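What the coordinates show
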Amino acid sequence: MVRIFRHYVSPVKLTLAVVDLIAILLCVVLAEYLRYAAIGLEWSVGLGLEAWFAKLLVPLAGSCALLGVGAYHADAIQDFRVFSLRLAVSLVVTGVFLSAVLYILPMLPLWRSILLLALLLSAFTIFAVHGLFQLFGRIDLIGQRVLILGAGEVARELQQYAERSRESGLNIVEVIALPDQNPVVETAIKLDDINTLDAYALSREIEMIIIAAEENDQRLPLEALIACKLAGVEVKDKLSFYEQVRGYVDVNSVKSEWIIFSDGFKGGTGVERIGKRLLDISVSLLLLVITLPLMLIAAILVKITSRGPIFYRQQRVGLNGEYFDLLKFRSMRVDAEAEGAPQWAQKNDPRVTLVGGFLRKSRIDELPQVINVLSGVMSFVGPRPERPYFVDQLVQEIPLYRERHCVKPGITGWAQIQYPYGASVADAKRKLEYDLYYIKNYSLFLDLLIILQTVRVVIFPSGAR
């Protein structure tokens, strides 16, 4: 995995993104050359500083749009039809955005005819690049050669994950059973002498060893693993693998010592905190301005279609466990919890109004929370705040749940873009694992990635209730 500002990025995704960016830039240059040639103008006029600035805007906007709509998400990499749809959406978004920029800044030397031709060429090129990847990007060719040590349930889960997640870049070459272990993985093998693991791994050109066993398992060949490490082979335990490759912290494997001594959980430097607050204010004000007409329509629809107030204030748990009132458009009947105790939201929840159902699925009901962000009780990016009633319950049932309150809650977050809507203790546990990854590896770069990828969740909603 490639680590960029503390965040782990799949080399497969990173390579595709870089190739796409370069491809778009080349398409812009080609489009400009063809357009100038068509009217008998020398291309050298497009070599000035302002001209290159205008040309660079296209690949930057296009790459952000591809990332935002989820063109590099697992489902798009695995299903070419999904990618094709998202490619089309990203190019439309890029075209609309850059047309607006050219309208506001007409002095930019980028003709709309060149922009249109560049987007058409980019569509064909990127379609071809990803099509070739789908056809020839076999994991045995592009993947990192991996050996799993241990052949239990964890090994089987890792093997299944690698098989269905080509974007992880993992080529499971071998699964080695530990001495006296009954393998769950059918293809697992046993070495005559487990202490020769280093020689075997080097002979098979293994690049990474994943330990799929308990940390203090006496059967682990420690000297052989040390030899592998010194020979340049990556050695990861299950916890490190889940964090770096799958993007979450496995709560069941976490010990307090790991949190104390591991790199991370810094909460950002003083400069980063200032930068995060400025980002919160900027993005919230921009979102407020862009969506104000939509919010006015939503407010009118809520008022005229159901009895009760337009806005719904609900107590939530924020930074350091302090309570605050979360602001949302009301999407349920006023007597939604008339029976007393708070309830998890259900699929096809009967308490949701007709308009409320649309507001929840489109996430429009969340828009008033920009007021919470501007007031400082929330951040734009962070763990989703939960109600005190459920927090008291989850703290008792899920280890480390209270630790998610060491940062401000957010409108969107790493858990929201990685895991569908959840309304149960099991879902809360999995979302906590993603929240812990965010808290451990926080950076402004990760915040920007999450903000961009939130576009995918809004345009292609999954599991909203």
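Above this text you will find the structure in question.
A few points on the structure. Just so it is clear, the model here is predicted, and its values are computed rather than measured.

1. Details of the environment of Tyr8
Here Tyr8 lies in strand S2 (residues 7-9). Classification of Tyr8 as buried rests on a relative accessible area of 13%. Along the chain, Tyr8 and Glu243 lie 235 residues apart, while their C-alpha atoms are 8.3 Å from each other. In contact with Tyr8, not counting residues within four places along its chain, are Met1, Val2, Arg3, Glu243, Gln244, Tyr437 and Asn441.

2. Overview of the side chain of Lys440
Its place among the elements puts Lys440 in helix H17 (residues 425-440). Judged by its relative accessible area of 6%, Lys440 falls in the buried class. Among the polar contacts listed, one links the side chain of Lys440 to the side chain of Glu243, at a separation of 2.9 Å.

3. Examining the packing of helix H2 (residues 49-69) against helix H4 (residues 80-104)
In contact at an axis separation of 8 Å, H2 and H4 are set at 135 degrees when each is read in the N-to-C sense. One finds that H2 runs oblique with respect to H4. Between H2 and H4 lies a crossing of right-handed hand. Contacts between H2 and H4 pair Leu57, Val58, Ala61, Gly62, Ala65, Leu66 and Val69 from the former with Arg86, Leu87, Val89, Ser90, Val93, Thr94, Phe97, Leu98 and Val101 from the latter. Class assignment for the residues of the contact of H2 with H4 results in 12 nonpolar, three polar and one charged.

4. Observations concerning helix H13 (residues 354-361)
The set of residues buried in H13 consists of Val355, Gly356, Leu359 and Arg360. Axial view of H13: buried residues confined to an arc of 135 degrees, hence all on one face. Residues of H13 that are exposed and angled more than 90 degrees away from the buried face: Leu354 and Phe358. The secondary structure elements touched by the buried residues of H13 are helix H12 (270-305) and strand S8 (323-329). Within two residues after H13, Arg363 carries a phi angle of roughly 65 degrees, on the positive side.

5. Comments concerning the sheet that holds strand S5 (residues 208-211)
Here we have four strands laid out as an open sheet, ordered S4-S3-S5-S6, and parallel in their pairing. Edge positions in the sheet fall to strand S4 (170-176) and strand S6 (234-237), since each of these pairs with one other strand and no more. Taking each pair of neighbouring strands and ignoring which way they run, the sheet shows an average axis angle of 25 degrees. Bridge count between strand S3 (residues 144-149) and S5: four bridges; the pairing is parallel. Each residue of the ladder has a partner; that of Leu147, found in S5, is Ile209. Along the sheet face, helix H10 (residues 238-246) touches S4, S5 and S6 and points at about 100 degrees away from the line of S6.

Parameters and conventions
- Residues numbered from 1 in each chain as written.
- Predicted model: local features only at pLDDT ≥ 70, side-chain atom pairs only at ≥ 80, totals over all residues.
- Heavy atoms only, no water.
- Helix = DSSP H or I, 4+ residues; strand = E, 2+ residues; numbered from the N terminus.
- Buried < 20%, exposed > 50% of the residue type's maximum accessible area, 1.4 Å probe, protein only.
- Contact = heavy atoms within 4.5 Å.
- Polar contact = N/O pair within 3.5 Å; in protein donor to acceptor, adjacent residues only side chain to side chain.
- Axes fitted to C-alpha atoms, helices over the stretch in contact; angles between N-to-C directions.
- Parallel < 35°, antiparallel > 145°, perpendicular 65-115°, else oblique.
- Left-handed = near helix turned anticlockwise from the far one by under 90°.
- Nonpolar A, V, L, I, M, F, W, Y, C, P; charged D, E, K, R; others polar.
- Arc of directions from axis to C-beta.
- Pairing = 2+ DSSP bridges.

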